[in-house]
Structure formats: C-alpha cells, structure tokens
Amino acid sequence: TDDTNAIQAAIDAAKYGGEIEIPRGTYMIRGLKIRRSCTTLKGEARWGTRLVRISGTRPLIDISGTGTMKGHIRYCTLTNITLSGRKLPGTLLRSYYADSCTYLDVHFAYCKGVATDLVEVWDTRFSLSIWESCGSTKEPALLLRNSLPKGEFGFSDDTTNQVHFISCRWEG
C-alpha cells in the first residue's frame with residue numbers, strides 16, 4: 001500500500017509547531033514535504049517506525065524553505081525513525097535553506113547514492129543517527145554544500161555552517 005497521501009495530509013494539517021506521531025510499523029511512501037517551520041515528525045523507535053521508498057526518485061523527506069532569509073524553514077525535527085531507500089535511486093533527506101533543525105535517532109538505510117543532501121543549512125544537529133549502506137564509491141552518503149549552480153533550486157550566495165554530528169556513525 002502507498003501511505004504517502006495519508007502521512008502528507010497529516011503533515012499539511014499540522015499547525016505551526018505541530019507534531020506528527022507515526023506509530024510503530026512500516027510505511028511505504030514516494031516522498032513527503034515538510035513546508036512549515038517548527039514541524040516534528042516523530043516515530044515510536046528508530047527501528048520500530050520505518051518510512052520506506054515505494055517508487056520514484058523524489059527525496060523521501062524534503063525539509064526545504066526558499067532562498068530568502070524570510071523563506072528559510074526553521075526548527076523542524078525528525079526523531080525515532082528509519083528512512084529506507086530499498087536500494088533504489090533517490091535521496092532520503094533533502095534540506096535546502098533550513099536553520100536550527102534537529103535529527104535525533106534517525107536511521108538512514110539502503111540508499112544507492114547520496115542519502116542526506118544539505119544546502120545552505122545552519123545551526124543543525126544530527127544526534128545518535130546512523131547511515132547504513134548509503135552512498136557508493138562515486139557518491140557520498142552525506143553531502144554538505146553551500147550552493148547549487150545559479151538558476152537551480154539550491155543556488156545561494158551564503159554558506160552551510162554550524163552543522164553538528166553527535167554520536168553518529170556511518171557503516172558501508
């Protein structure tokens with residue numbers, strides 16, 4: 001079953017500062033977009049709540065604002081959740097123009113290429129997170145960039161800075 005629409009509806013219904021709790025289980029999705037600051041997507045446990053790519057190459061989770069200071073998305077959290085690419089192409093987490101986000105106890109798993117793609121991200125923390133079987137000999141599991149080429153979503157004249165990794169690990 002495709003659970004994308006149900007989970008996206010819950011995310012879209014969350015008010016500023018809303019928390020979406022996803023119970024223990026495996027949910028097949030094509031890609032989810034967090035559009036509002038202060039949104040938390042919370043599972044029951046890192047291996048207990050799994051969001052798994054069913055098809056497509058969109059980011060499994062996209063937490064992105066716009067390229068203006070007013071347009072940055074802020075204070076979002078992913079916690080107690082596994083994001084699995086099922087060894088299919090496509091990024092697991094994309095975050096462009098995002099500030100002060102927290103990724104706590106997130107398991108990035110089975111992504112053929114870049115699992116986590118960050119552009120112009122500030123003051124963000126990854127804690128107790130794992131990248132397992134992500135990346136390749138040609139692509140990193142985690143990509144931190146200041147900008148994409150001019151004219152593309154992700155272009156910036158600012159930088160990515162203050163990204164902290166606390167008790168995280170990478171496994172080939």
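This report concerns the structure included in the present document. (Residues numbered from 1 in each chain as written. Predicted model: local features only at pLDDT ≥ 70, side-chain atom pairs only at ≥ 80, totals over all residues. Heavy atoms only, no water.)

This part covers the overall build of the protein chain. A tally of regular secondary structure across the protein chain gives one helix and 15 strands. Against the globule reference of 16 Å for 172 residues, the protein chain gives a C-alpha radius of gyration of 15 Å, in line with a compact fold. Across its three principal axes, the protein chain shows a C-alpha extent of roughly 40 × 40 × 30 Å. Residue burial in the protein chain is summarised as follows: out of 172 residues, 52% are buried. Summed over all atoms, the accessible surface of the protein chain reaches about 8,200 Å², with 52% contributed by carbon and sulfur. (Helix = DSSP H or I, 4+ residues; strand = E, 2+ residues; numbered from the N terminus. Rg over C-alpha atoms; globule rule 2.2 N^0.38 Å. Buried < 20%, exposed > 50% of the residue type's maximum accessible area, 1.4 Å probe, protein only. Areas by Shrake-Rupley, 256 points an atom, 1.4 Å probe, with all protein chains shown as cover.)

Turning to the pairing of strand 1 (residues 19-22), a few remarks are in order. Burial along strand 1 is one-sided: Ile20 and Ile22 are buried, while Glu19 and Glu21, pointing the other way, are not. Looking at chain direction, strand 1 and strand 4 (residues 40-43) are connected through four bridges and run parallel. By the bridge assignment for strand 4, glutamate 21 is matched with lysine 42. (Pairing = 2+ DSSP bridges.)

Nonpolar side chains collect at one region of the surface, where Leu144, Phe165 and Trp170 lie side by side and expose about 280 Å² of accessible area between them. With respect to the helices and strands, phenylalanine 165 occurs in strand 14 (residues 161-166). (Patch = residues over 30% accessible without salt bridge, like charges linked within 9 Å, V, L, I, M, F, W, Y side chains within 5 Å. Salt bridge = Lys/Arg side-chain N within 4 Å of Asp/Glu carboxyl O.)

Right, let's get into the packing of aromatic side chains. Given two aromatic rings, their pairing is described by the distance between the two centres and the angle made by the two planes. Taken as a whole and judged by the stated rule, the model has ten aromatic pairs. A ring pair is formed by tyrosine 97 and phenylalanine 153, whose centres lie 5.5 Å apart and whose planes are at 75°; its orientation type is edge-to-face. Of this pair, tyrosine 97 sits in strand 9 (residues 93-99) while phenylalanine 153 sits in the loop between strand 13 (142-145) and strand 14, and the two are 56 residues apart along the sequence. For tyrosine 97, a relative accessible area of 3% corresponds to the buried category. A relative accessible area of 39% places phenylalanine 153 in the partly exposed class. Ring geometry for phenylalanine 165 against tryptophan 170: centres 5.8 Å apart, planes inclined by 55°, an arrangement best described as tilted. Relative accessible area serves as the criterion here: at 31%, phenylalanine 165 is assigned to the partly exposed category. Through a chain of ring-to-ring contacts, the aromatic side chains of Tyr103, Phe108, Phe126, Trp131, Phe165 and Trp170 assemble into a single cluster. The ring of tryptophan 47 has arginine 46 lying over it, and the distance from NZ or CZ to the ring centre is 4.6 Å. The residue whose ring lies beneath arginine 94 is tyrosine 96, and the NZ or CZ to ring-centre distance is 4.9 Å. (Phe/Tyr/Trp six-rings, centres within 6.5 Å; stacked < 30°, edge-to-face > 60°. Lys NZ or Arg CZ within 6 Å of the ring centre and 35° of its normal.)

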